[in-house]
Amino acid sequence: MTDSDLARQVRDVSRLTGEFVLRSGRTATEYFDKYQFESDPVLLDRLAEQMAVLIPEGTEVLAGLEMGGIAVVTALGRHAKLPCAFVRKQAKAYGTARLAEGAEVAGRRVLVVEDVVTSGGQVVISTTDLRKLGAHVDHALCVIDRQEGGAEALSAEGIQLRALLTRADLEAAA
């Protein structure tokens, strides 16, 4: 499957049009329903296989962000043969009460994994939290970069964004 075939498939299963309020508060006329590609095991596996080559050398742990990044990081970990951490938006007050469940992140080179990046806000927040736990984070990886300032916002925080697909890729696949 070529990159353009993969982009077309993601676009076909996940692109919605209308009026949507994004996490950033912005309104968009186009929305990529990430749960459509994350819930398709065959497509998710293809995405993870392609994303595995984008993992920076030296990465020790893949950290998927709640909620969409969890499915992606689980599939990606299978291909990369790397342990995964599942990062909550907020630590629970019960059980382990941990912000990052699964693999230990302290003192390790951690790659933050997200499904769709728009403003980069949640990646910045979660990276800050992971760094407070002792993780070394300087890269993030996503399935789709909407190219709406996320990469620049992350760069300002010392995080390089790598994306499997961009908004431009999805538009070109039409």
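Residues numbered from 1 in each chain as written. Predicted model: local features only at pLDDT ≥ 70, side-chain atom pairs only at ≥ 80, totals over all residues. Heavy atoms only, no water.

A word on unusual backbone geometry. In the segment running from glutamate 66 into methionine 67, the intervening peptide bond is cis, with an omega of 0°. Even without being a glycine, lysine 81 presents a positive backbone phi close to 60°. One can find lysine 81 in the loop between α4 (68-80) and β4 (84-87). The exposure class of lysine 81 is exposed, given its relative accessible area of 69%. Although it is not a glycine, alanine 97 adopts a positive phi angle of roughly 55°. If you trace the backbone, alanine 97 turns up in the loop between β4 and β5 (100-102). (Helix = DSSP H or I, 4+ residues; strand = E, 2+ residues; numbered from the N terminus. Buried < 20%, exposed > 50% of the residue type's maximum accessible area, 1.4 Å probe, protein only.)

With that settled, the discussion passes to the pairing of strand β8 (residues 160-166). By the bridge criterion, six bridges tie strand β7 (residues 136-145) to β8 in an arrangement that is parallel. In the strand pairing of β8, cysteine 142 is matched with alanine 163. As for the winding sense of the linkage, the β-α-β connection from β7 through helix α6 (residues 150-155) to β8 is right-handed. (Pairing = 2+ DSSP bridges. Right-handed = clockwise from strand over helix to strand, strands pointing away.)

The next thing to look at is the pattern of salt bridges. Across all of its chains, the model carries 12 salt bridges by this definition. The partner of arginine 15 in a salt bridge is glutamate 30, with the nearest N and O atoms 2.5 Å apart. Here arginine 15 is found in strand β1 (residues 15-21), whereas its partner glutamate 30 is found in strand β2 (residues 27-32), with 15 residues between them in sequence. Here arginine 15 falls in the partly exposed class, since its relative accessible area comes to 31%. Note that arginine 167 and glutamate 30 form a salt bridge whose closest N and O atoms lie 3.0 Å from each other. With arginine 167 in helix α7 (residues 167-172) and glutamate 30 in strand β2, this pair connects stretches of sequence that are 137 residues apart. Taken together, the shared-partner salt bridges connect Arg15, Arg26, Glu30, Arg146, Glu148, Arg167 and Glu171 into one network. (Salt bridge = Lys/Arg side-chain N within 4 Å of Asp/Glu carboxyl O.)

Attention now goes to the sheet that holds β7. Strand pairing in a sheet relies on backbone hydrogen bonds, with the paired strands running either antiparallel or parallel. What the six strands build is an open sheet, ordered β5-β4-β3-β6-β7-β8; its pairing is mixed. A single partner strand is all that each edge strand has here, and the edge strands are β5 and β8. Strand-to-strand twist across the sheet, computed as the mean angle between neighbouring axes with direction ignored, equals 25°. Running over the sheet, helix α3 (residues 41-52) touches β7 and β8 and is turned about 140° from β7. (Axes fitted to C-alpha atoms, helices over the stretch in contact; angles between N-to-C directions. Contact = heavy atoms within 4.5 Å.)

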